[in-house]
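# Analysis of the macromolecular model
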Amino acid sequence: MGRLTTSLCGIGLDNPVIPASGTFGFGYEFAQWYDINCLGTFSFKGTTKDPRFGNPTPRIAECPAGMINAVGLQNPGVDKVIAEELPKLKEVFRKPVMANVSGFSAEDYAYTCEKLDREEQVGWLEVNISCPNVHGGGMSFGTDPKAAAEVTAAVKKVTAKPVIMKLSPNVTDITAIAKACEDAGADGVSLINTLQGMRIDLRTRKPVIRNVMGGVSGPAVFPVALRMVWQVSRAVKIPVVGMGGVTTAEDVLEMMMAGACAVEVGAANLADPCACKRIIEDLPAAMDKYGIKTLEELGGK
Amino acid sequence: MKQQILTITENVPVTAAVYRMRLEAPDLEAQRPGGFVNIRLDGLFLRRPISVYDSEPGRLTILYKVVGRGTEQMASMRPGETLDVLTGLGNGYDLSKAGDAPLLLGGGVGVPPLYLLAKQLIAGGKKVHAVLGFNTKEEVFGEDAFKALGCGVTVATADGSYGVKGFVTDALPADYSYFYTCGPELMLRAVYRAAKTSGQFSFEERMGCGFGACMGCSCKTITGYKRICREGPVLEKEEILWDD
């Protein structure tokens, strides 16, 4: 066991660093910047039953210490993901990968998860019930404990692989949603997805993003994410994957001290294509600085 | 695509709002005409994508308009300072389709990406004519630089204060073999309607990463979904789908 090793729902990770869905494509874009086998794993682009173009542009805005996106789950649909994207992914990444799934009904989620369950390289299913950028799906499942439990149960029925429910911060009490997922059989939870936000262009007096609102990510949301990881870690017994504004090795340590067993990195990958590689390389020195011998001792589940 | 630290060796205004910045590094490769670089700036989260104006091994020149915090910050930088830059981004213009007498149509800050293109087309023996459009005389730049390459140049200003009065589409020559264009979307749409030949359009979009990861700058085309940062910014006339 190395200093950086950890495990997520029974599957070992060489380190806890996991690029977050929607910021890492299917891996091969980043394989041009560095050998992505240094990662713990990565969560691939949110996949739905049918192909989606997503929202009209502009989809991106900047904000202090972060960004806002309203991509809207652009993806080629699960069949094309399996036929075209996963073979390309396999060429550049040897480890189990996290499949990120979104949908517009519990049946939708189950359909896509069942198909991805048959893919050998898929280690975990991360079920996104928290996308703020689609109507009639996504986040609406993650803001109601009953709906969150329904999706969890539907997905659990069709897969033997660990199911990690990705939670929305746009709720009054995130622990209630997390507990509902746990009670419905979830193997883990990951949080937080983006916080709803917007910008207005002073010149045009109109919203920068065509969809008006989008999801805020980046260092700006880190304290909010950390607080929620802390709360959820104390409310459930299943593993918690922390994310939200993580940019440095120190942020990873802080997330793990809050209770995360692994840490996803999102927006940082867009500002710096080598962000995750740098974070992994920086971890040992950061651990030395704070007297941490192994990440296991931080006690994340 | 490379992540590089480049040193600023020149950063001067060419009009009231447009600056020319030269960046150098020994291992910097020559950039493609129509390609772009993505520049990290202190205190700003997203990089700033800027098109290539001129480039040769070891050296890159960009022309940028000061429009917001990022470009304001760039304008305040001095020679000797360094920038973290992603280089070699975007597909760039395809020079093989130019024919004998290609026409270049640039509007405002859409002019810079045409400069390296003109240089390479002329080096390839083409007879190149450039129509450069601006709002008003004070905003005009590039005329002498394009002429020095051996380009025919027509300048148009919307208010008629310099050159032909009107838009680039009011100053089209009678004959040309192909065209390349870059400028504001309204201009690109006008060129699309007015052009008599096939051609290539360079598009602008708000980007997240600039290297194909985030799907922030996607557009629909006749040949499927494309990312402006990766399969673009240059699209062929025949594949463009304008969204209304």
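Anyway, here's the lowdown on the structure attached to this text. Not measured: the values here are computed from a predicted model. (Residues numbered from 1 in each chain as written. Chains lettered and ligands numbered in written order. Predicted model: local features only at pLDDT ≥ 70, side-chain atom pairs only at ≥ 80, totals over all residues.)

## A short note on the overall build of chain A
Defined as follows: Runs of E in the DSSP output that reach at least two residues are strands. Runs of H or I that reach at least four are helices, and both are numbered from the N terminus. Taken over C-alpha atoms, the radius of gyration is set against a globule rule of 2.2 Å times the number of residues to the power 0.38. Residue burial is a threshold on neighbouring C-beta atoms within 10 Å of the residue's own C-beta, all placed from the backbone, with 20 or more meaning buried, 12 or fewer meaning exposed, and counts in between meaning partly exposed. Once C-beta atoms have been placed from the backbone, residue pairs whose C-beta atoms lie within 7 Å are recorded as contacts.
The secondary structure content of chain A amounts to ten helices and 15 strands. The C-alpha atoms of chain A give a radius of gyration of 18 Å, which matches the 19 Å a tight globule of 301 residues would have. Overall, the C-alpha framework of chain A stretches about 50 × 50 × 40 Å when taken along its three principal axes. Going through the 301 residues of chain A one by one, you find that 59% of them count as buried. The long-range fraction of contacts in chain A, counting pairs at least 24 apart against all pairs at least 6 apart in sequence, stands at 71%.

## Quick notes on helix 3 (residues 106-117) of chain A
Residue and element names in this part refer to chain A. To keep things clear, this is the line we draw: One fewer than the residue count of a helix, multiplied by 1.5 Å, yields its expected span.
Here helix 3 spans 16 Å end to end across twelve residues, near enough to the 16 Å set by a 1.5 Å rise per residue. Within helix 3 the residues assigned to the buried category are Tyr 109, Ala 110, Thr 112, Cys 113, Lys 115 and Leu 116. Those residues of helix 3 that are buried lie in contact with helix 2 (78-92), strand 6 (97-101), strand 7 (122-128) and helix 5 (145-156).

## A closer look at the sheet that holds strand 9 (residues 188-191) of chain A
Residue and element names in this part refer to chain A. This is how the line gets drawn: One requirement defines pairing of two strands: DSSP has to find at least two bridges between them. Helix axes are fitted to C-alpha atoms over the stretch in contact, other axes to C-alpha atoms as well, and angles between N-to-C directions run from 0 to 180 degrees.
Ordered by their spatial adjacency, seven strands build an open sheet running 3-15-14-9-8-7-6, and the pairing between neighbours is parallel. Taken across any chain shown, the strands that pair with only one partner, and hence form the sheet edges, are strand 3 (17-19) and strand 6. Taken over all neighbouring pairs, the strand axes of this sheet differ in orientation by 25° on average, direction set aside. Across three bridges, the pairing between strand 14 (residues 240-243) and strand 15 (residues 262-265) is parallel. Bridge pairing links Met 243 to Glu 264 in strand 15. Taken strand by strand, helix 10 (residues 275-289) contacts strand 3 and strand 15, and its axis lies near 175° from that of strand 3.

## Structural notes on the nonpolar core
Our working rule: In this description, a nonpolar core means buried residues of the types Ala, Val, Leu, Ile, Met, Phe, Trp, Tyr and Cys, linked to one another by C-beta atoms lying within 7 Å. These domain boundaries are the output of an automatic or database domain assignment.
In this structure, Leu125(A), Val189(A) and Val263(A) are the most contacted members of the largest nonpolar core, which totals 176 residues. Here this core gathers at least three residues from each of two domains, domain 1 (2-89) and domain 2 (101-192) of chain B. Not counting residues up to four positions away in its chain, the partners in contact with Val189(A) are Ile164(A), Met165(A), Leu167(A), Ala178(A), Cys181(A), Val232(A), Val236(A), Ile238(A) and Val240(A).

## A closer look at the sheet that holds strand 16 (residues 234-236) of chain B
In sheet architecture, strand pairing relies on hydrogen bonds along the backbone and comes in two forms, parallel and antiparallel. Residues and elements named next belong to chain B. Here we have seven strands laid out as an open sheet, ordered 11-10-9-8-12-13-16, and mixed in their pairing. At either end of the open sheet lies a strand with only one pairing partner, and these are strand 11 (164-165) and strand 16. Here helix 2 (residues 113-123) sits on the sheet and contacts strand 8 (102-107), strand 9 (129-134), strand 12 (178-182) and strand 13 (199-202); the angle it forms with strand 8, its principal contact strand, is near 165°.

## Concerning the interface of chain A and chain B
With 27 residues of chain A at the contact, the number on the chain B side is 23 residues. Elements supplying a minimum of two residues to the side of chain A that touches chain B: helix 1 (28-31), strand 4 (60-63), strand 5 (66-69) and helix 9 (268-271) of chain A.

## Some remarks on helix 6 (residues 174-183) of chain A
Residue and element names in this part refer to chain A. Of all ten residues in helix 6, seven are buried, a share of seventy percent or more. Every buried residue of helix 6 is accounted for by Ile 174, Ile 177, Ala 178, Lys 179, Ala 180, Cys 181 and Glu 182. The inward-facing, buried residues of helix 6 contact helix 4 (139-142), helix 5, strand 8 (163-166), strand 9 and helix 7 (222-235). One or two residues past the end of helix 6 sits Gly 185, with phi positive at roughly 110°.

## Here's the deal with the environment of Met256(A)
All names here are of chain A. Following the sequence through the fold, Met 256 ends up in helix 8 (residues 249-257). The buried category is assigned to Met 256, around which 23 C-beta atoms lie within 10 Å. For the pair Met 256 and Pro 16, spaced 240 residues apart in sequence, the C-alpha separation works out to 9.1 Å.

Remember, this is a structural readout, not a statement about activity or role.
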